[in-house]
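Take a look at the letters that make up each chain.
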Amino acid sequence: MTTPFYLKPVEVEHDRRLVRRYQWQSLLRVWAAMAVGIVMLFGFAIVLLSSIGHVMGQKSLWHWSNLFNMVWPALVPFIAINSVVQGRLKELSAAGTPLTAEMFSSRPSRMVLSPLDPLTTYNVCTETLSGLAMGMALGYGGPAMFSYFPFNGRILIGPRWPVWLAQCTEVVVVGEPGQQVEVRIRRRFGLDFFTVQRGGALHAVETVAAHLRTQFEQRDRALRAIRREQELERAALNAKLSALQAQVEPHFLFNTLANLKYLIRTDADTAQQMLDHLVGYLQNALPDMRSVSSTLERELALARSYLSIMQIRMGQRLRFRIEADDALLALPFPPAMLISLVENAVKHGLERASRPGAITITAKQLGDALCVQVIDDGVGLTEQMGQGFGLANIHERLQLLYGDKAALSVTAAEHGGVVATLAINKE
C-alpha cells in the first residue's frame, strides 16, 4: 500500500555550499584520524627499523619506501566518505529537512533558561540526566554513564565509561546573582570527532535540552502551586488570628470609661492620669487588632498602660514591676498574648484576693528562646483559671503561628500565686 501524496514529506534541495562544506569537513575528519594512525605507525616503524638498522644497513630504505607505498592510497578515501555523506543527504531530503551547519557539527550547543534557583536547577539536572528515560532517549539502551562536579555546576554524560572519551555531552549550570539561571548544554570533544557526523551530536544536545526544559517547567509549576497553597493557608491563618484577637473582652474598656467618668467629677488629676494611660493603651492595642506581628517593646508598653489604669482603679491593692533587657525589646513577639496573661493575673489572681498583691513581668533570653513570664502573688491556681477563652486562645494562636517552636505553661508560684511562662524559639 503506497502512502498518499498529501502525507509524504516534500523533498528539499540542500544548500550547495553547505553540502560542499559537509563533504570536505567529513573528509578532513577522516584524514585527521588516519594521520594520527599513520604517525603512530611511523613512530613504531622508526623504533623498529632503528633497532635493526645496524644489521640490515641500506636495506632499511627498502622498508621505508615499501611502507610509504602501502599507506599512501589510504590518504584519499574520497569514494567511501562521499558515499556516507550522500546517504545522509538523501535521508534528510526524504524527510523534508534541509541541511544546516549544526547537523554536521561535532560540538553543537544549546542553552535553557531555568526559572529555579541554581541549587535546585542543578539537582533537577542530576535527577533528569541520570534517569533511565534520558538514557533511552539518547539511544544508550539504559541509564547514561554519569559524572558530575557540583562545585562548578558541571555534569558529563555518555553511553559508556569513561564518559569523556567519546559521545560526551556536557551540562553546565550558571547562576549569576540577580540574573536568571542558565543551563548550557554542548557536545564535548571526543573520539567521535574523527568520524563523519550524521547529526548524532545535535540530536543528543537537543534531546538533553528538551528533557531539562520539560523538567524545569514541571518543577516550576509544582513550586508555584505550593506557593499558592501556602499563600491561601497564610491568608486563612491571618483571618483566623484576626478573629481570635478580636475576641478580647470589651469589659475592661467599658469599666475604665465608667471609672473615668466618675473620676472626672470627683478627682480631676487622677482622671487626667487615667486618660493618659488609656490613650497609651489604645495606641498600642489598636494596631494589634489588625496585625499578626508585633515587638516585645510594644507589648510591654501595652501591659504597662493596662496595669497603670488598673492601679488607679484598684489603688493600693495592686503593685507591678516590669523587667526586660533593652537588647530584647526589638525582638518580634506575637500581639495581644502578653496582655491576656496580665489580664488573667489581675482578674483571677489579685481581684479575688482580700489583700494587696503584686505582678511582675520579666523578659529574658534562655538559649535560643525568648521567655516572658507574668508572675502574681494572688490566690493561686483555681478552677476558674481554666474557664473562658483566654488561655485556650493563646494556645491556639501559638500553634497557628509557631507550631512546636513556642509553648505556654502555667504553674503555681513557690510562695503562692501563679507563674505564666511564654517561651518562643527565635529560629
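Residues numbered from 1 in each chain as written. Predicted model: local features only at pLDDT ≥ 70, side-chain atom pairs only at ≥ 80, totals over all residues. Heavy atoms only, no water.

(A) Just the overall build of the protein chain, in detail. For the protein chain, the helix and strand inventory stands at 11 helices and 12 strands. Considering only contacts in the protein chain between residues 6 or more positions apart, those separated by 24 or more positions represent 67%. Roughly 24500 Å² of accessible area belongs to the protein chain as shown, and the carbon and sulfur atoms make up 59% of that amount. (Helix = DSSP H or I, 4+ residues; strand = E, 2+ residues; numbered from the N terminus. Contact = heavy atoms within 4.5 Å. Areas by Shrake-Rupley, 256 points an atom, 1.4 Å probe, with all protein chains shown as cover.)

(B) Just the pattern of salt bridges, in detail. In the structure shown here, the tally under the stated rule is nine salt bridges. Salt-bridge contacts for R219 lead to E127; the nearest nitrogen and oxygen are separated by 3.1 Å. Remark: E127 occurs in helix α4 (residues 118–129) and R219 occurs in helix α6 (residues 200–245); sequence separation between them is 92 residues. Looking at R219, the relative accessible area reads 28%, which means it is partly exposed. Several salt bridges converge on common partners, so that one network encompasses R154, E170, R186 and R188. (Salt bridge = Lys/Arg side-chain N within 4 Å of Asp/Glu carboxyl O. Buried < 20%, exposed > 50% of the residue type's maximum accessible area, 1.4 Å probe, protein only.)

(C) Up close: the side chain of S114. Turning to its location among the elements, S114 is positioned in strand β1 (residues 109–114). Its relative accessible area of 1% is what places S114 among the buried residues. A distance of 2.7 Å separates the side chain of S114 from the side chain of T121, its partner in a polar contact. In this structure, S114 is in contact with T121, Q180, V181, V183 and F216, ignoring residues within four places of it in sequence. (Polar contact = N/O pair within 3.5 Å; in protein donor to acceptor, adjacent residues only side chain to side chain.)

(D) Representation of the nonpolar core in the model. Counting residues in hydrophobic clusters, the biggest one holds 45 residues, and the most contacted among them are L338, I359 and I361. For this core, the element with the most residues is helix α9 (residues 296–314), which contributes nine residues. When sequence neighbours within four positions are dropped, the list of residues in contact with I359 reads L307, L318, R319, F320, R321, V342, A345, V346, L350, V374, I375 and D376. In terms of nonpolar packing, the next biggest core, distinct from the first, is built from 22 residues, M134, V173, V181 and L212 among them. (Core = buried A, V, L, I, M, F, W, Y, C linked by side-chain atoms within 4.5 Å.)

(E) Main features of a nonpolar patch on the surface. Together, W164, L165 and L191 give the surface a local cluster of nonpolar side chains, amounting to about 320 Å² of exposed area. Assignment of secondary structure puts L191 in the loop between β5 (181–187) and α6. (Patch = residues over 30% accessible without salt bridge, like charges linked within 9 Å, V, L, I, M, F, W, Y side chains within 5 Å.)

(F) A look at the pairing of strand β4 (residues 169–174). Burial analysis of β4 places six of its six residues in the buried class, the great majority of the element. Of the two faces of β4, the one carrying T169, V171 and V173 and the one carrying E170, V172 and V174 are both buried. In terms of strand pairing, strand β3 (residues 154–158) meets β4 through four bridges, oriented antiparallel. Bridge pairing in β4 links I157 to T169. Bridging between β4 and β5 involves six bridges; their strand directions are antiparallel. Pairing of V171 across the sheet is with I185, part of β5. Linking β4 back to β5 in an antiparallel pair, the connection comprises six residues, with G178 at a positive phi of about 80°. (Pairing = 2+ DSSP bridges.)

(G) Main features of the pairing of strand β11 (residues 406–412). Sheet topology note: the β11/strand β12 (residues 418–425) ladder contains seven bridges and is antiparallel. Looking across to β12, one finds that T411 is bridged to V419. Following β11, the chain reverses through five residues before pairing antiparallel with β12; G416 in that reversal takes a positive phi of roughly 95°.

(H) Focus on the sheet that holds strand β2 (residues 145–149). Across the sheet, five strands lie side by side as β1-β5-β4-β3-β2; this open sheet has antiparallel pairing. Each having just a single partner strand, β1 and β2 make up the two edges of the open sheet. On average, each strand axis in the sheet is inclined to that of its neighbour by 15°, with strand direction left out of account. (Axes fitted to C-alpha atoms, helices over the stretch in contact; angles between N-to-C directions.)

(I) Examining α9 more closely. If you check α9, its first and last C-alpha atoms are 26 Å apart, about what 19 residues at 1.5 Å a residue would give, namely 27 Å. Turning to α9, its buried residues are L296, E299, L300, L302, A303, S305, Y306, L307, S308, I309, M310 and M314. Taken from the residues just after α9, G315 is the one with a positive phi, measuring 70°. (Expected span 1.5 Å × (residues − 1).)

(J) Spatial organisation of α4. Taking 1.5 Å as the rise per residue, α4 with 12 residues should run 16 Å; its terminal C-alpha atoms sit 16 Å apart, in good agreement. Listed as buried for α4 are T120, T121, Y122, V124, C125, T126, T128 and L129. Regarding α4, its N-cap is D117, as a side-chain oxygen of that residue lies 3.2 Å from the backbone nitrogen of L119 further along.

(K) Representation of the sheet that holds strand β10 (residues 369–376) in the model. Across the sheet, five strands lie side by side as β7-β9-β10-β12-β11; this open sheet has mixed pairing. The open sheet has two free edges, formed respectively by β7 (318–324) and β11, since each of these has just one partner strand. Here the strands of the sheet are splayed against their neighbours by 10° on average, with no regard to which way each runs. Sheet strands touched by α9: β7, β9 (357–366) and β10. Its angle to β7, the strand with the most contacts, is close to 165°. The strands that helix α10 (residues 338–350) touches are β7, β9, β10, β11 and β12; relative to β9, the one it contacts most, it runs at about 150°.

(L) Quick peek at the environment of T207. Among the secondary structure elements, T207 is positioned in helix α6. The exposure class assigned to T207 is buried, which follows from its relative accessible area of 11%. When the C-alpha atoms of T207 and M134 are compared, they prove to be 8.1 Å apart, with 73 residues separating the residues in sequence. Setting aside anything within four residues of it in sequence, one finds T207 in contact with M134, A137 and L138.

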